[in-house]
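Per-entry structural report
The lines below spell out each chain.
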Amino acid sequence: MSRDGKVRFLFTKSLTVGLLLVSTAVALLFGELVARLTLNPGDVLLATLVDDPVLGHRIKPHTTGHDAIGFRNLVVPQRADIVGIGDSQTYGVGATRDGSWPFQLSVLLREPVYNMALGGYGPLEYLYLAEHEAKALRPRLLIIGFYLGNDLADAYAAAHQRPYWYGWRDAGSPRPSDQDFYQRSEYVEPKRRFAPVRDWLSRHSVLYSILRGTLLPQLAAWEQDRMASHVPPDVQMAWVDPSNHSIRTIFTPQLRLSVLDQHLPIVQEGLRITRRAYGSLASDAHSKGIKLLVVLIPTKEGAYCSYLQNTGVQLSETFLRLCYAEKQDKEAVAQFFVTRQIAYVDVVGDMEKSIRQHVQIYPKGSDGHPLPAGYRVIARAVYDAVSRGGYDK
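Nothing here was measured: the structure is a model prediction, and the numbers come from that model.

1. Thoughts on the overall build of the protein
Along its length, the protein carries 14 helices and 9 strands. When burial is assessed residue by residue, the protein has 49% of its 393 residues classed as buried. When contacts within the protein are restricted to residue pairs at least 6 apart in sequence, those whose partners lie at least 24 apart make up 72%. Total accessible area computed for the protein in this model is approximately 19,600 Å², and 58% of it derives from carbon and sulfur atoms.

Given below as structure tokens:
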């Protein structure tokens, strides 16, 4: 081929590739525009977090579908009769805004429930939100989602890692170190490839986030199934419902136990702080004439303990210890609520009922957040408690 022929060939190839790249970019931009017009970005984009000296972090206002103070609502009302406070289990991770249990509760009650929750919050953050930000909404009812999976650890972490809460520490309590529960649990999750790029796309691209929320979970579940077969069941235990093989999930008992075992000083300290926080929260609510209801939300493993044992599944010693530890923590918290006359609803029985009915209420992978069907179970249990307790208008 002559030199001129080679130049024409390279020019043609370059032009073809260039047109392909341009057309692909245009198609992606058009798809992004359509996705933003048809979907609520807050349901698919990862939230943009900013530092907060009291709460640790919060969502930047008016970003990724969040309201003027950074919570998962369309707007901040002048008044909200019911405010739900909690962590990621109350925020509704794994579901759209309409799939979270506070929103589903609002549908059942036929009145709005303002969602004032965010992942990483715990009892001290709940106390601050109730005393300050929820106060501005003048609620008649506060509903606090207490997640048994990590709220004790979060109480410990806030008091020992943020100067605002240092006064809540016990002088003889252990200090965070490289050996604390956060460090010990890191190895459970594998490192993600291209994490910075994926995180940026998850915060800015609705189209990518749709892919992340549909195709990627299936691939992740397959990968986690594969990993579970190569690691001890204490780390990851893949399970299939013997009565319905379409129902499956992956348990992480060792990770859960690391922040629930009351033999650990950090858990003991977290429990002490939690009791004090809820005591203060109840006193403040009572002084303002606000009714208080606490929702005890189990871990995925805790919700399944009874069914697994009743169906003859061979559980490891760690899993059995986890079942006992979670029950022990719940009893300790519930006993305190009874002593302080704090109303609460334990939703584990309702979750267990759905599990016995072979409903997929948790993801098929290792994620411990419920699916919308699981949040529906929580919403129904809370609705029943609200109806029985005379909290309605």
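Let's pick the thread back up.
2. Here we look at helix 10 (residues 265-287)
Helix length check: helix 10, at 23 residues, gives a terminal C-alpha distance of 33 Å against a target of 33 Å (1.5 Å per residue), a fit within 8%. One or two positions beyond helix 10, positive phi appears at Gly289, with a value near 75°.

3. Section: the pattern of salt bridges
By the definition in use, this model includes 11 salt bridges. Notably, a salt bridge pairs Asp52 with Arg58, separated by 3.7 Å at the nearest N-O pair. Arg58 carries the same exposure label as Asp52, and that label is buried. For Asp284, the salt bridge goes to Lys288, with nearest N and O atoms at 2.4 Å. Looking at Asp284, the relative accessible area reads 16%, which means it is buried. Residues joined by salt bridges that share partners form a network here, namely Arg79, Asp81, Glu111 and Arg140.

4. Some details on the packing of aromatic side chains
Within the structure shown, the criterion is met by 14 aromatic pairs. Aromatic side chains Phe146 and Tyr278 sit 5.8 Å apart centroid to centroid with 65° between the ring planes, which places their arrangement in the edge-to-face category. Of this pair, Phe146 sits in strand 5 (residues 141-147) while Tyr278 sits in helix 10, and the two are 132 residues apart along the sequence. Taken as a pair, Phe146 and Tyr278 share a single burial class, namely buried. Connected via pairs of aromatic rings, a cluster forms that spans Trp239, Phe251, Tyr304, Tyr307, Phe319 and Tyr362. Over the aromatic face of Trp168 sits the side chain of Arg276, whose NZ or CZ is 3.9 Å from the ring centroid.

5. Regarding the sheet that holds strand 9 (residues 343-346)
A sheet is described by the order of its strands in space; here 5 strands give the open sequence 4-3-5-8-9, paired in parallel fashion. Looking along the sheet, the strands with just one partner apiece sit at the ends: strand 4 (114-117) and strand 9. With strand direction ignored, the average angle separating the axes of adjacent strands in the sheet is 20°. Running over the sheet, helix 10 touches strand 5 and strand 8 (291-297) and is turned about 170° from strand 5. Running over the sheet, helix 14 (residues 372-388) touches strand 5, strand 8 and strand 9 and is turned about 145° from strand 8.

6. Focus on the packing of helix 11 (residues 300-310) against helix 12 (residues 317-339)
If you want to describe how two helices pack, look at the angle between their axes and the distance between the axes. Between helix 11 and helix 12, the shortest axis-to-axis distance is 10 Å and the interhelical angle comes to 120°. It follows that helix 11 is oblique to helix 12 by the angle criterion. Relative to helix 12, helix 11 is oriented so that their crossing is left-handed. Residues Glu301, Gly302, Cys305, Leu308 and Gln309 of helix 11 form the contact with helix 12, whose participating residues are Phe319, Leu320, Leu322, Cys323 and Glu326. Classifying every residue of the contact of helix 11 with helix 12 gives 6 nonpolar, 2 polar and 2 charged.

7. Some words on the side chain of Glu269
Turning to its location among the elements, Glu269 is positioned in helix 10. Assessed through its relative accessible area of 5%, Glu269 is described here as buried. Look past the residues within four positions of Glu269 in its chain and what remains in contact with it is Tyr156, His160, Trp168, Arg169, Asp170 and Ser173.

8. Thoughts on the packing of helix 5 (residues 151-161) against helix 10
Interaxial distance between helix 5 and helix 10 falls to 7 Å at its minimum, and their mutual angle equals 85°. Judged by the inter-axis angle, helix 5 sits roughly perpendicular to helix 10. Mapping the contact onto sequence places Asp151, Leu152, Ala155, Tyr156, Ala159 and His160 in helix 5 and Ile266, Val267, Glu269, Gly270, Leu271, Ile273 and Thr274 in helix 10. Of the residues contributing to the contact of helix 5 with helix 10, the split by class is 8 nonpolar, 3 polar and 2 charged.

What counts and what doesn't
Residues numbered from 1 in each chain as written. Predicted model: local features only at pLDDT ≥ 70, side-chain atom pairs only at ≥ 80, totals over all residues. Heavy atoms only, no water. Helix = DSSP H or I, 4+ residues; strand = E, 2+ residues; numbered from the N terminus. Buried < 20%, exposed > 50% of the residue type's maximum accessible area, 1.4 Å probe, protein only. Contact = heavy atoms within 4.5 Å. Areas by Shrake-Rupley, 256 points an atom, 1.4 Å probe, with all protein chains shown as cover. Expected span 1.5 Å × (residues − 1). Salt bridge = Lys/Arg side-chain N within 4 Å of Asp/Glu carboxyl O. Phe/Tyr/Trp six-rings, centres within 6.5 Å; stacked < 30°, edge-to-face > 60°. Lys NZ or Arg CZ within 6 Å of the ring centre and 35° of its normal. Pairing = 2+ DSSP bridges. Axes fitted to C-alpha atoms, helices over the stretch in contact; angles between N-to-C directions. Parallel < 35°, antiparallel > 145°, perpendicular 65-115°, else oblique. Left-handed = near helix turned anticlockwise from the far one by under 90°. Nonpolar A, V, L, I, M, F, W, Y, C, P; charged D, E, K, R; others polar.

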